[in-house]
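Results of the structural survey
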Amino acid sequence: MADAVLAVRNLCKSFSALKATENVSLDLKPGEIHALIGPNGAGKSTLIHQIAGTLAPDSGDIDFLGRPVGHLGVVERARMGLGRSFQVSSLAPEFSALRNVMLAVQSRQGSSFRFFRPVMRDASLIEPAMASLERVGLATRARVPAAELSHGERRQLEIAIALALGSQAFLLDEPMAGMGPEGSRSLTGFLDRLREEAPILLVEHDMDAVFALADRVSVLVYGRIIASGTVDQVRADPEVRRAYLGDPA
Amino acid sequence: MTISRETAINVTLALVLLAMPFVALQLGKPFYVTLATRMAILGLAAVGLNLALGLGGLVSFGHAAFFGVGGYAAGILASHAFAGQPLNLGLFALPGTNQMLVVWSVAVLAGGLLAAAIGMISLRTSGVYFIMITLAFAQMTYYFAISWPAYGGEDGLSITIRNVVPAINTLIPINYFLVCYALLLTALLIFALIRGSRFGAALQASRQNELRVASIGIAPFRVRLVAFIISGMITALSGALYADLNRFVSPSMLSWHMSGELIIIVVLGGVGRLWGPVAGAMLFVVFEFVLGGLTERWQFFLGVALLAVVLFARGGLIGFLAGRMRHG
Ligand SMILES: Nc1ncnc2c1ncn2[C@@H]1O[C@H](COP(=O)(O)OP(=O)(O)OP(=O)(O)O)[C@@H](O)[C@H]1O
Ligand SMILES: [Mg+2]
């Protein structure tokens, strides 16, 4: 546990009577992809929201880079290097893909209070932003407004933004959703290399991708983690098969 | 080099407004110089509002507070200068002044401080709550001015002789127009620079998606607060000019009508468009003058025009003429 980049301990969150997160503990170690799977409504996104700071847990601790971050807001956690993509993409819709990434670059440079120099002629913003777009394969779409991108492209753009932030950990909520098989395959290859840069907590319904990528898998059902382990261990777990993997038995 | 349609329209607007008072003088109608000055000043006030409303999406229904504070800065300083009595601020005393450069600085400073105070509280809310809170703060300044007999209370305060600028005789209407016009152009330049800057990017992104901005480590609140302060400063400057144009300040500069008119001007001209506030102010003053001469109910027709803009020409006059806005 000591060297975990991200550690969640005994996290609880209820929406009135509904226990969306029930005593959840998990961690993310350097260089790994930790997949979080579970049926619809299991509480996966709710957990991501609490880690990122958009939702406050009722109780429990979250440590990031060895520091407790439970009392910090979204902004501070992002600044520490927690990069995320949203299940329902969340972008500046009027801005081009490029400008969306440039904003992340400027945030990383800590320089949003400059009032005069035009950003569209600022190579120190444009070049790193283009580099991020290229890495996710979106360079040709750089000038297209985010609102006009396809679902899959918006997902890619969110990842490019997280890259540009220089994230120390990635929280990706269903990055494959809305992508065709071709897109999923290339994103799978990309995430496989990305883990070298920073570990990934990956929420995903695409089991091919999960089984290909994950170093560890945790299974969330009704807010509780019912199993956690390697891909093989989790696939063999009878409770998981019953609850999620659609085992007829 | 190709010139965009919007740029061509902006240049035309700039030239029309500049030419107006000169043509008026040629035609022997000096009153129109005052109308053109009014357009420039209201345009300037609306440029201030456009920074908050257009770039930041902050629907402030309280910009009259800044407009009026700028006006009172001019009126109060001038009255002290005229009476030869220093202005006692408790800790220290400030001599009155009839120097516009000083008046403008004080107005901008006061507008900025007031915007900081109002923004600190109201920017914690959004949507309708933000509209209502900014309105409430502006109404507080309005009632404060009414109940402050030292500076005229309800009756307002006259500026006996228009304040002065070194080397320019501001008593000559066309000179005063040119002073106002130059400040308008300066404010537009500042607006354009801010819009294209890093700060402008963060501000516009905060309008489009606050959660996204926070998720990359930029605090929308801080960005909005700074924008609101700059916005208040520009509008306060226009208030000082307005007081000097009329040589009179009254609580009506602080009333919600004024805040509403500024919003109408921005919407008529084109929210977020560089020259939208100027186009809107020109339309507004023409409406007020032409229709106001024909009917008592000119504001009804203004309302109809506004409705038409909101329903059929989302980007106001500039949007109607130049098409949709592009962000690059
Ligand atoms: N803000 C909220 N208020 C009340 N209930 C909520 C709220 N957000 C989520 N829930 C409920 O909490 C449960 C968990 O939702 P969550 O979105 O975390 O599921 P998920 O595992 O991400 O599902 P999916 O796979 O469909 O994305 C659901 O029953 C959902 O209806
Ligand atoms: Mg979800």
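Preceding this section is the structure that the text describes.
So, here's what we can say about the structure. (Residues numbered from 1 in each chain as written. Chains lettered and ligands numbered in written order. Predicted model: local features only at pLDDT ≥ 70, side-chain atom pairs only at ≥ 80, totals over all residues. Heavy atoms only, no water.)

**Side note on the overall build of chain B**
Summing up its helical and strand segments, chain B has 13 helices and four strands in all. For chain B, whose C-alpha radius of gyration is 19 Å, the value lies close to the compact-globule estimate of 20 Å for 328 residues. With the C-alpha coordinates of chain B rotated into their principal frame, the extents come out at 55 × 50 × 40 Å. Out of the 328 residues belonging to chain B, those deemed buried represent 55%. When contacts within chain B are restricted to residue pairs at least 6 apart in sequence, those whose partners lie at least 24 apart make up 77%. Distance between charge centres in chain B, computed from 17 positive and 8 negative side chains, equals 17 Å. (Helix = DSSP H or I, 4+ residues; strand = E, 2+ residues; numbered from the N terminus. Rg over C-alpha atoms; globule rule 2.2 N^0.38 Å. Buried < 20%, exposed > 50% of the residue type's maximum accessible area, 1.4 Å probe, protein only. Contact = heavy atoms within 4.5 Å. Lys, Arg positive; Asp, Glu negative; His and termini not counted. Charge placed at Lys NZ, Arg CZ, Asp CG, Glu CD.)

**Brief notes about the site of ligand 1**
Residues and elements named next belong to chain A. Taken together, 14 residues are adjacent to ligand 1, and G41, K44, S45, T46 and Q87 come closest. Here an oxygen atom of ligand 1 and a side-chain polar atom of K44 are 2.8 Å apart. Here ligand 1 loses 61% of its free accessible area of 630 Å² to cover by the protein chains. Those elements giving two or more residues to the shell around ligand 1 turn out to be β2 (18-28) and α1 (44-52). In terms of residues, the shell around ligand 1 owes the most to one element, α1, which gives three residues. Looking at the shell around ligand 1 residue by residue, the class counts come to five nonpolar, seven polar and two charged. (Near = heavy atom within 4 Å. Polar contact = N/O pair within 3.5 Å; in protein donor to acceptor, adjacent residues only side chain to side chain. Areas by Shrake-Rupley, 256 points an atom, 1.4 Å probe, with all protein chains shown as cover. Nonpolar A, V, L, I, M, F, W, Y, C, P; charged D, E, K, R; others polar.)

**Overview of the packing of aromatic side chains**
Residue and element names in this part refer to chain B. A full pass over the atoms with the stated rule returns 14 aromatic pairs over all chains. Summarising the aromatic geometry, the rings of F67 and Y242 are spaced 5.0 Å apart at their centres and angled 50° between planes, so their arrangement reads as tilted. Within this pair, whereas F67 is found in helix α3 (residues 64-83), its partner Y242 is found in helix α9 (residues 220-246), the two being separated by 175 residues in sequence. Comparing F67 with Y242, the two get one shared label, buried. (Phe/Tyr/Trp six-rings, centres within 6.5 Å; stacked < 30°, edge-to-face > 60°.)

**Let's talk about the sheet that holds strand β1 (residues 6-15) of chain A**
Two modes of strand pairing occur in sheets, parallel and antiparallel, and in both the strands are linked by backbone hydrogen bonds. Residues and elements named next belong to chain A. Strand order in the open sheet made by the four strands is β2-β1-β4-β5, with antiparallel pairing throughout. Each having just a single partner strand, β2 and β5 (67-68) make up the two edges of the open sheet. Inspection of the sheet shows β1 paired to β2 by seven bridges, in the antiparallel sense. Among the inter-strand pairings, L11 is bridged to a residue of β2, identified as V24. (Pairing = 2+ DSSP bridges.)

**Focus: the coordination of the magnesium ion (ligand 2)**
Donor atoms from the polypeptide that coordinate the magnesium ion (ligand 2) comprise A:S45 (OG) and A:Q87 (OE1), at 1.9 to 2.0 Å from the metal. A residue pair is termed long-range when its members are at least 10 positions apart, and A:S45 in helix α1 and A:Q87 in the loop between β6 (82-85) and α3 (97-108) qualify at 42 residues. (Donors = N, O, S within 2.8 Å, 3.2 Å for Na, K, Ca; no water.)

**Brief notes about the interface of chain A and chain B**
Taken residue by residue, the interface counts 37 residues in chain A and 29 residues in chain B. For the chain A and chain B pair, buried surface summed over both sides reaches about 2900 Å², with 59% attributable to carbon and sulfur atoms. Interface area lost by chain A to chain B is led by A:E94, A:F113 and A:F115, which between them contribute 21%. Inspection of the region where chain A meets chain B yields three salt bridges. The salt bridge partner of A:D122 is B:R198, with a shortest N-O separation of 2.8 Å. Counting the contacts that link chain A with chain B gives 19 residue pairs in polar contact (both at pLDDT 80 or more). For the side of chain A that touches chain B, the elements supplying multiple residues, two or more each, are α2 (74-80), β6, α3, α4 (123-135) and α5 (151-164) of chain A. (Buried area = accessible area lost by both parts, 1.4 Å probe. Salt bridge = Lys/Arg side-chain N within 4 Å of Asp/Glu carboxyl O.)

**Overview of a nonpolar patch on the surface**
Residues and elements named next belong to chain B. Taken together, the side chains of F31, V286, F289, V290 and L294 make up a nonpolar region of the molecular surface, amounting to roughly 470 Å² of accessible area. Looking at the nonpolar patch element by element, the count peaks at four residues for helix α11 (residues 276-294). Owing to a relative accessible area of 44%, V290 belongs among the partly exposed residues under this scheme. (Patch = residues over 30% accessible without salt bridge, like charges linked within 9 Å, V, L, I, M, F, W, Y side chains within 5 Å.)

**Let's talk about the pairing of β6(A)**
Residues and elements named next belong to chain A. Side chains L82 and R84 project from β6 onto one buried face, and the interleaved G83 and S85 project onto a second face that is buried too. In this structure, β6 lies alongside strand β7 (residues 169-173), joined through four bridges in parallel fashion. Opposite L82, over in β7, you have A169 as the bridge partner.

**Brief notes about the sheet that holds strand β8 (residues 200-203) of chain A**
Residue and element names in this part refer to chain A. Within the open sheet, the six strands sit side by side as β6-β7-β8-β3-β9-β10. Their pairing is mixed. Because the sheet does not close on itself, it has two edges, and the strands there are β6 and β10 (224-229). Direction aside, the axes of adjacent strands within the sheet are offset by 15° on average. As paired strands, strand β3 (residues 33-37) and β8 are joined by four bridges and run parallel to one another. Counted as the bridge partner of I33 is I200 from β8. Lying on the sheet, helix α6 (residues 181-194) is in contact with β3, β7 and β8; it crosses β8 at an angle near 150°. (Axes fitted to C-alpha atoms, helices over the stretch in contact; angles between N-to-C directions.)

**Quick notes on the nonpolar core**
Within the largest apolar cluster, 137 residues are counted, with the highest numbers of intra-cluster contacts made by A:L133, A:L157, A:L191, B:L17, B:L42 and B:W104. The element contributing the most residues to this core is helix α2 (residues 31-55) of chain B, with 15 residues. Excluding its chain neighbours within four sequence positions, the residues that come into contact with B:W104 are B:V165, B:V179, B:L183, B:L237, B:A240 and B:L241. If you look at the next biggest cluster of nonpolar residues, it comprises 24 residues, including A:L28, A:A42, A:F64 and A:L72. (Core = buried A, V, L, I, M, F, W, Y, C linked by side-chain atoms within 4.5 Å.)

**Some details on the environment of B:L321**
Residues and elements named next belong to chain B. Note on placement: L321 falls in helix α13 (residues 316-322). With relative accessibility at 35%, the residue L321 sits in the partly exposed group. Here the alpha-carbon distance between L321 and G48, two residues 273 residues apart in the chain, equals 23 Å. Excluding residues within four positions of it along the chain, L321 makes contact with R5 and I9.

**Thoughts on the packing of α2(B) against helix α6 (residues 173-196) of chain B**
All names here are of chain B. One can describe the packing of α2 onto α6 by two numbers: an axis separation of 9 Å at closest approach and a directional angle of 15°. Between α2 and α6, the angle is such that the two are roughly parallel. Note on packing geometry: the crossing formed by α2 with α6 is left-handed. Here the contact of α2 with α6 is built from residues that sort into 20 nonpolar, three polar and one charged. (Parallel < 35°, antiparallel > 145°, perpendicular 65-115°, else oblique. Left-handed = near helix turned anticlockwise from the far one by under 90°.)

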